[in-house]
Amino acid sequence: MALRARALYDFRSENPGEISLREHEVLSLCSEQDIEGWLEGVNSRGDRGLFPASYVQVLRAPAAEPPPPARYANLPAAGFEPCPPPEPCPPLPAPFAAAFQPSQGSDDDWDDDWDDSSTVADEPGALGSSYPEYEAAGGGGGPGRYRLSTRSELSLGSRGAGGHQPGHPHPPGGGGGAKSSATVSRNLNRFSTFVKSGGEAFVLGEASGFVKDGDKLCVVLGPRGPEWQENPYPFQCSIEDPTKQTKFKGMKSYIAYKLVPSHTGQQVHRRYKHFDWLYGRLAEKFPVISVPHLPEKQATGRFEEDFISKRRKGLAWWMDHMCSHPVLAQCDAFQHFLTCPSTDEKAWKQGKRKAEKDEMVGANFFLTISVPTGPGAILDLQEVESQVDGFKAFTKKMDESALQLNHTANEFARKQVTGFKKEYQKVGHSFKCLSQAFELDQQAFSAGLNQAIAFTAEAYDAIGDLFADQPRQDLDPVMDLLALYQGHLANFPDIIHVQKGALTKVKESKRHVEEGKMELQKAEGIQERCNIISFATLAEINHFHKIRVRDFKSQMQHFLQQQILFFQKVTQKLEEALHKYDSV
């Protein structure tokens with residue numbers, strides 16, 4: 001009989017790996033030992049995952065035999081009621097071990113056609129998560145598909161004390177001796193990014209899957225170190241003409257954006273929820289790539305012109321960064337988003353389901369990374385750690401500076417829109433009052449002066465309007481760019497955490513080798529997989545710097561050009577007013 005527990009309260013899962021509970025529901029526990037206040041088990045609906053230990057009461061069988069020895073060394077045997085060992089739980093499903101970053105949500109309601117229960121495998125000719133060519137051939141796979149596995153190289157803590165999988169022979173040379181007894185420990189925090197991304201499983205040698213040629217992500221050695229291999233067919237995509245559309249006979253309204261990719265020239269229309277779906281898929285698939293954040297949602301005022309214009313500009317920046325990234329630009333899900341005709345609902349569903357059933361996520365994602373071979377193929381881990389630490393300090397400082405600049409620019413824009421406009425118009429009003437007072441003098445020779453002063457008043461009114469309109473031209477674009485980069489800067493702590501976690505495993509394996517507790521071959525396997533993660537991390541860091549220099553150079557040039565144009569307009573207004581006095 002499995003160890004069981006009864007739910008004391010309702011619990012609703014909010015994160016991947018959690019399961020929901022209903023009050024009085026009986027669950028099967030995988031272990032009575034909690035992990036930082038969480039237990040793992042299976043609910044009455046067959047879902048396996050984690051839930052708060054304080055929400056359940058463990059059900060113990062009545063005592064019939066003397067208590068068995070304590071199961072854990074740090075728990076006293078006394079007071080334990082006899083209980084048969086719990087039945088083993090089924091293996092964790094892939095999504096639990098895979099990386100997952102929640103979608104940012106959408107301010108558009110999901111339609112029924114997005115929530116249907118069909119899958120790509122149900123559609124004739126659709127490419128799902130299975131490999132029919134491999135199954136038909138009985139193994140090996142079709143052309144351009146490679147079986148990659150890291151399972152046979154490492155002794156894991158979950159494989160038994162002898163360092164091998166249950167039911168499997170000991171690794172060659174291990175023989176159950178001292179060198180095969182040591183294992184690289186797992187992180188206790190199962191909610192860490194290193195674990196959820198699949199980085200830990202990959203480094204520990206658990207990843208196994210088929211990699212097609214089209215799924216390979218190549219890292220090359222460039223002049224600045226590791227870089228993502230450039231997209232051989234670069235393209236851009238414009239976002240234009242946001243229009244309000246309706247459905248269900250006008251009961252449902254939404255904004256659709258026209259996308260025109262340069263490599264197809266065919267326009268498609270997408271709603272914000274489509275962008276949001278794509279972001280969720282990419283954030284889940286690429287744990288060591290900074291997927292740009294989407295513009296923020298807004299619950300009210302979604303159809304106001306200013307909000308629509310601001311969101312379109314934010315989406316344009318987002319699209320530019322997507323198209324500029326050598327990996328994201330070539331991703332199947334992104335290409336489907338850009339090219340699937342808006343009117344072909346069946347094709348959209350097929351591509352959507354294919355992306356959602358992608359097997360190259362989590363630990364398997366790292367199998368798709370191809371790194372250089374030969375000289376320089378093995379990175380110096382101390383140098384990598386130094387570079388990553390330097391970049392971590394850089395991002396922290398940049399984030400602080402971006403926040404400061406954003407606050408300053410926002411405050412300055414507010415002053416221009418309200419304070420400066422008001423002050424200049426107060427000056428203009430004062431000149432106007434003076435002109436009106438002078439008009440009481442009916443002398444003909446004073447008429448020219450009165451008109452010149454009145455014109456000066458109008459010039460100051462116009463200058464006030466110029467100040468109010470100017471932030472749209474220079475400061476707003478700067479703040480839009482800062483918002484995009486603040487999203488990138490928020491991504492990098494998780495990316496760095498994955499690399500740091502891999503490096504920690506390498507250090508631990510080296511220590512085991514020095515102590516004679518682990519074979520050198522196993523430790524080298526861990527280091528090789530850490531090397532792959534390090535290549536990808538440094539490639540992403542180099543891409544960030546490259547695109548940062550491009551963006552801020554362009555934006556600062558635009559800002560200064562707009563400032564020059566602005567002051568030229570102000571100067572022109574003042575010069576026009578000055579010339580009015582020439583004829584007085």
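Sequence order as written defines residue numbering, which begins from 1 separately in each chain. Where local features are concerned, this predicted model is filtered to residues with pLDDT of at least 70; where side-chain atom pairs are given and counted, the filter is 80 or more; whole-chain, interface and lining totals use all residues. The side-chain numbers reported here are obtained from all heavy atoms of the structure, hydrogens and water having been left aside.

- By the naming in an unreviewed UniProt entry, the protein chain goes by SNX18 protein and is assigned to Crotophaga sulcirostris.
- What UniProt records for the protein chain under Subcellular location (unreviewed entry) is the sentence "Cytoplasmic vesicle membrane".
- UniProt lists a comment for the protein chain under the heading Sequence similarities (unreviewed entry), and it reads "Belongs to the sorting nexin family." UniProt positions are given in the numbering used here, feature names are shortened, and annotations may be inferred rather than shown by experiment.

A closer look at the overall build of the protein chain
- In terms of regular secondary structure, the protein chain is built from 12 helices and 13 strands.
- Using a 1.4 Å probe on the protein chains alone, a residue whose accessible area is under 20% of its type maximum counts as buried, one over 50% counts as exposed, and one in between counts as partly exposed. Looking at the protein chain residue by residue over its 584 residues, the buried ones come to 41%.
- We call two residues in contact when some of their heavy atoms are within 4.5 Å. Taking all contacts inside the protein chain whose residues are at least 6 apart in sequence as the whole, residues at least 24 apart take part in 72%.
- A total accessible area of about 30800 Å² is found for the protein chain, and carbon and sulfur atoms account for 54% of it. A helix here means a DSSP run of H or I that spans at least four residues, while a strand means a run of E at least two residues long, and both kinds are numbered starting from the N terminus. We get accessible surface area from the Shrake-Rupley algorithm with a probe of 1.4 Å; when it comes to residues, only the shown protein chains can shield them.

Comments concerning the pairing of strand β11 (residues 252-261)
- The buried fraction of β11 is high, at eight of 10 residues.
- Bridge count for strand β10 (residues 237-247) against β11 is nine bridges, and the pairing is antiparallel. Opposite Ser-238, over in β11, you have Val-260 as the bridge partner.
- Here, any two strands with at least 2 DSSP bridges between them count as paired. In terms of strand pairing, β11 meets strand β12 (residues 268-271) through four bridges, oriented antiparallel. Across the sheet, Ala-256 pairs through a bridge with Arg-271, a residue of β12.

Remarks on helix α5 (residues 272-285)
- One less than the number of residues in a helix, times 1.5 Å, gives the span that helix is expected to have. Along its 14 residues, α5 runs 20 Å from first to last C-alpha, staying within 8% of the 20 Å computed at 1.5 Å per residue.
- Within α5, 14 of the 14 residues are buried, which leaves it mostly tucked inside the rest of the structure.

A short note on the sheet that holds strand β2 (residues 26-29)
- Pairing is antiparallel across the open sheet formed by five strands, whose spatial order is β4-β3-β2-β1-β5. Strands with a single pairing partner mark the edges of an open sheet, and in this sheet they are β4 (48-52) and β5 (56-59). Strand-to-strand twist in this sheet, taken as the mean axis angle between neighbours without regard to direction, amounts to 45°.
- For strand β1 (residues 4-7) and β2, the ladder comprises three bridges, and the chain directions are antiparallel. In the strand pairing of β2, Ala-5 is matched with Leu-27. Axis definition: a line fitted to C-alpha atoms, limited for helices to the stretch in contact. Angles are taken between N-to-C directions and run from 0 to 180 degrees.

Looking at the packing of aromatic side chains
- Each aromatic pair joins two rings of Phe, Tyr and Trp (for Trp, the six-membered one) with centres within 6.5 Å, and gets the label stacked for planes under 30 degrees apart, edge-to-face for over 60, and tilted for any other angle. Throughout the structure, instances matching the rule amount to 24 aromatic pairs.
- On the basis of an interplanar angle of 90° and a centroid distance of 5.5 Å, the ring pair of Phe-420 and Phe-467 is categorised as edge-to-face. Residue Phe-420 is found in helix α9 (residues 381-438), and its partner Phe-467 is found in helix α10 (residues 447-473); the two are separated by 47 residues along the sequence.
- Here Phe-420 falls in the partly exposed class, since its relative accessible area comes to 27%.
- Under the relative-accessibility criterion, Phe-467 is labelled buried at 9%.

Overview of the nonpolar core
- Throughout this description, the term nonpolar core refers to a set of buried Ala, Val, Leu, Ile, Met, Phe, Trp, Tyr and Cys residues connected via side-chain atoms within 4.5 Å. In this structure, Phe-202, Leu-259, Phe-275, Phe-286, Met-319, Phe-334 and Phe-337 are the most contacted members of the largest nonpolar core, which totals 85 residues.
- With 12 residues, helix α12 (residues 520-579) is the single largest residue contributor to this core.
- An automatic or database domain assignment supplies the residue ranges for each domain. Of the residues that make up this core, three or more belong to each of domain 2 (237-370) and domain 3 (381-580).
- Leave out the neighbours within four places in its chain, and Phe-337 touches Leu-259, Val-268, Arg-270, His-274, Phe-275, Leu-278, Met-319 and Trp-348.

Notes on the environment of Phe-194
- Locating Phe-194 in the fold gives a position in helix α3 (residues 193-196).
- Taking C-alpha positions, Phe-194 is 9.2 Å from Pro-287, a pair spaced 93 residues apart along the chain.

Overview of the environment of Leu-434
- Secondary-structure assignment places Leu-434 in helix α9.
- A C-alpha to C-alpha distance of 9.3 Å links Leu-434 and Ala-457, two positions 23 residues apart in sequence.

A few points about unusual backbone geometry
- A positive phi angle, near 75°, is found at His-24, a position not held by glycine.
- With a relative accessible area of 53%, His-24 lands in the exposed category.
- Positive phi, close to 45°, is recorded for Asp-241, a residue that is not glycine.
- As for its placement among the helices and strands, Asp-241 is situated in strand β10.

Some points on the sheet that holds strand β9 (residues 225-228)
- Here we have three strands laid out as an open sheet, ordered β9-β8-β13, and mixed in their pairing. The sheet terminates laterally at β9 and β13 (369-370), the two strands that pair on one side only.
- Sheet analysis places strand β8 (residues 217-222) next to β9, joined by four bridges and oriented antiparallel. Across the sheet, residue Gly-222 finds its bridge partner in β9, namely Gly-225.
- Those strands touched by α12 are β8, β9 and β13, and its axis lies near 80° from that of β9.

Quick look at the environment of Glu-540
- Residue position: Glu-540 is located in helix α12.
- With 314 residues separating them in the primary sequence, Glu-540 and Pro-226 have C-alpha atoms 8.6 Å apart.
- For Glu-540, the contacting residues outside a window of four places in its chain are Trp-228, Val-288, Ile-289, Ser-290, His-325 and Phe-492.
- Residues adjacent in sequence count toward polar contacts only when both atoms are side-chain atoms; beyond that, a polar contact is any pair of N or O atoms within 3.5 Å, and within protein one must be able to donate a hydrogen and the other to accept it. A polar contact is formed between the side chain of Glu-540 and the backbone nitrogen of Ser-290, at a distance of 3.1 Å.

A word on the state of the cysteines
- The disulfide definition used here is simple: a pair of cysteine sulfur atoms within 2.5 Å. In total, this model carries zero disulfides according to the counting rule given.
- No disulfide involves Cys-323; its nearest neighbouring cysteine sulfur is the one of Cys-237, lying 5.5 Å away.

Notes on the packing of α5 against helix α8 (residues 345-356)
- The geometry of α5 relative to α8 is characterised by a closest axis approach of 10 Å and an angle of 25° between their N-to-C directions. On the basis of the axis angle, α5 is roughly parallel to α8. By crossing handedness, the relation of α5 to α8 is classed as left-handed. Along the contact surface, α5 presents His-274, Trp-277 and Arg-281, while α8 presents Trp-348, Lys-352, Ala-355 and Glu-356. Comment on the angle field: the value is read as roughly parallel under 35 degrees, roughly antiparallel over 145, roughly perpendicular from 65 to 115, and oblique elsewhere. In this scheme, a crossing is called left-handed if the near helix is turned counterclockwise away from the far one by less than a right angle; it is called right-handed if the turn is clockwise.

With respect to the pattern of salt bridges
- Should a side-chain nitrogen of Lys or Arg be within 4 Å of a carboxyl oxygen of Asp or Glu, the pair is scored as a salt bridge. In this structure the tally under the stated criterion is 23 salt bridges.
- In this structure, Asp-465 engages Lys-421 in a salt bridge whose closest nitrogen and oxygen atoms are separated by 3.8 Å. Of this pair, Asp-465 sits in helix α10 while Lys-421 sits in helix α9; the two residues are 44 residues apart in sequence, bridging distant segments of the chain.
- Asp-465 gets classed as partly exposed once you look at its relative accessible area, which sits at 39%.
- Between Asp-551 and Arg-550 there is a salt bridge; the shortest N-O distance is 2.7 Å.
- By sharing partners, the salt bridges in this structure join Glu-385, Asp-389, Lys-500 and Lys-507 into a single network.

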